[in-house]
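# Geometric and topological summary
Spelled out from the first residue to the last, the chains are:
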Amino acid sequence: MAAHLARHQEALAPKPSSWKDAQNGAWRGRKAGSYKWYEIQDNVAYWQSFEKPKIFVPEIQGSAQYALDYDSFYCVNKASFIVHEDIEYIIGILNSALSWWITQHTFASKQGGFFEFTQQYVSQIPIPKAPKSQQALIETLVLAIIGNRDDNRLEQLLNGLVYELFFQTDLHARGLTLFDEAERAGLGQLAGLEGVVLVKAAEEFSNRVFVSSHPLYAMLFDLQALEVVRIIEGKE
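The structure reproduced in this document is the subject of the present report. (Residues numbered from 1 in each chain as written. Predicted model: local features only at pLDDT ≥ 70, side-chain atom pairs only at ≥ 80, totals over all residues. Heavy atoms only, no water.)

A word on helix H12 (residues 215-223). The α-helix advances 3.6 residues per turn, and as a result positions three or four apart in sequence lie on the same side. Within the span of H12, buried status applies to Leu216, Met219, Leu220 and Leu223. The buried residues of H12 occupy one face: seen down the axis, they fall within an arc of 100°. The elements touched by buried residues of H12 are helix H8 (153-166), helix H9 (168-173), helix H10 (178-184), helix H11 (195-209) and helix H13 (227-232). (Buried < 20%, exposed > 50% of the residue type's maximum accessible area, 1.4 Å probe, protein only. Helix = DSSP H or I, 4+ residues; strand = E, 2+ residues; numbered from the N terminus. Arc of directions from axis to C-beta. Contact = heavy atoms within 4.5 Å.)

A separate point is the packing of helix H4 (residues 87-94) against helix H7 (residues 132-147). Viewed as axis vectors pointing N to C, H4 and H7 meet at an angle of 75°, and their least axial separation amounts to 8 Å. Taken together, the axes of H4 and H7 are roughly perpendicular relative to one another. Between H4, through Glu88, Tyr89, Ile91, Gly92 and Ile93, and H7, the contact on the second element is made entirely by Gln135, Ile138, Glu139, Val142 and Leu143. Here the contact of H4 with H7 is composed, by residue class, of 6 nonpolar, 2 polar and 2 charged. (Axes fitted to C-alpha atoms, helices over the stretch in contact; angles between N-to-C directions. Parallel < 35°, antiparallel > 145°, perpendicular 65-115°, else oblique. Nonpolar A, V, L, I, M, F, W, Y, C, P; charged D, E, K, R; others polar.)

One open sheet accounts for 3 strands, arranged E2-E6-E5; its pairing is antiparallel. Both edges of this open sheet fall to strand E2 (60-61) and strand E5 (109-110), since each of them pairs with a single strand only. As judged from the 2 bridges shared by E2 and strand E6 (residues 114-116), these two strands associate in the antiparallel manner. When the bridges of E6 are listed, glutamine 61 appears paired with phenylalanine 115. (Pairing = 2+ DSSP bridges.)

Relative to the 21 Å expected for 15 residues at 1.5 Å per residue, H11 spans 21 Å between its end C-alpha atoms, a close match to the ideal helical length. Leu198, Ala201, Ala202, Phe205, Ser206 and Val209 are the residues of H11 that are buried. One face of H11 carries all of its buried residues, which in axial projection span an arc of 140°. For H11, the exposed residues lying more than 90 degrees away from the buried face are Val196 and Lys200. Where the residues of H11 are buried, they touch H7, H8, H10 and H12. (Expected span 1.5 Å × (residues − 1).)

Take a nonpolar patch on the surface next. A cluster of nonpolar residues, Tyr70, Leu143 and Ile146, forms a patch on the protein surface that exposes about 240 Å² of accessible area. Along the polypeptide, leucine 143 turns up in helix H7. (Patch = residues over 30% accessible without salt bridge, like charges linked within 9 Å, V, L, I, M, F, W, Y side chains within 5 Å. Areas by Shrake-Rupley, 256 points an atom, 1.4 Å probe, with all protein chains shown as cover. Salt bridge = Lys/Arg side-chain N within 4 Å of Asp/Glu carboxyl O.)

This part is about the packing of aromatic side chains. Scanning all chains against the criterion turns up 6 aromatic pairs. The interplanar angle of 80° and the centroid separation of 5.2 Å between the aromatic rings of phenylalanine 107 and phenylalanine 117 together place this pair among those described as edge-to-face. Placement of the pair is phenylalanine 107 in the loop between helix H5 (97-106) and E5 and phenylalanine 117 in the loop between E6 and helix H6 (119-122), with a sequence separation of 10 residues. Each of the two residues, phenylalanine 107 as well as phenylalanine 117, counts as buried. These aromatic residues form a ring-pair network of at least three members: Tyr66, Phe107, Phe117 and Tyr121. (Phe/Tyr/Trp six-rings, centres within 6.5 Å; stacked < 30°, edge-to-face > 60°.)

What follows is about the sheet that holds strand E3 (residues 67-69). Strand order in the open sheet formed by 3 strands is E3-E1-E4, with antiparallel pairing between adjacent strands. Only two strands of the sheet have a single partner each, and these edge strands are E3 and strand E4 (79-82). Recorded for the sheet is a direction-independent mean angle of 35° between the axes of neighbouring strands. Summarising the sheet, strand E1 (residues 54-58) and E4 pair through 4 bridges and their orientation is antiparallel. Its bridge partner being in E4, isoleucine 55 is matched across the sheet by isoleucine 82. Sheet contacts for H4: E1, E3 and E4; angle to E1, the most-contacted strand, approximately 30°.

Function cannot be inferred from these measures alone, as they are strictly geometric.
So, in structure tokens, the structure goes:
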């Protein structure tokens, strides 16, 4: 193998970094860089980031499908990933109805209703800086949703909390204080739970909250009449 590659050394070596080098006969096969002819041309010093908790971002999607990874998976070049200490909070924003609306209005579109989820577009999605208490509630909600993907009631609450982060003035003018009501309803008590214990507690929370007589459910119902929400969810 080494002997075979050696025959192609000139073609594999980096190109000159300047036109002067090229005139002196130093022009070679691959793009300029500090790598050796037998090395790959792009720096992969970031490889250790694959070992960290992260958010995978498939490059072409027809909806917001950001995915959490705690298991050190790797991805090919048709996906990217986000490493951050607050990935549960960030993915709660990225997978929200508001994020999808932003995507449809700012990302490059593809045939068939798909969009390019490349870094240049994903980086444009604003991530609001929330008080620690509110961030913790969203993180708890995200983990509860992951634990029981068949129950979409908590996704409705997550969208409501994201709306309050972005449109606090509009919601509070209507008396919609979802974070405060979710805390009173016991959402924070799910923090720190894992596995089947978390799934069971989340289901009990949903069964208690998602009834017409509960004030949090009433707020989520009233939220649907807000103009900005109706625009985002395509009801206008």
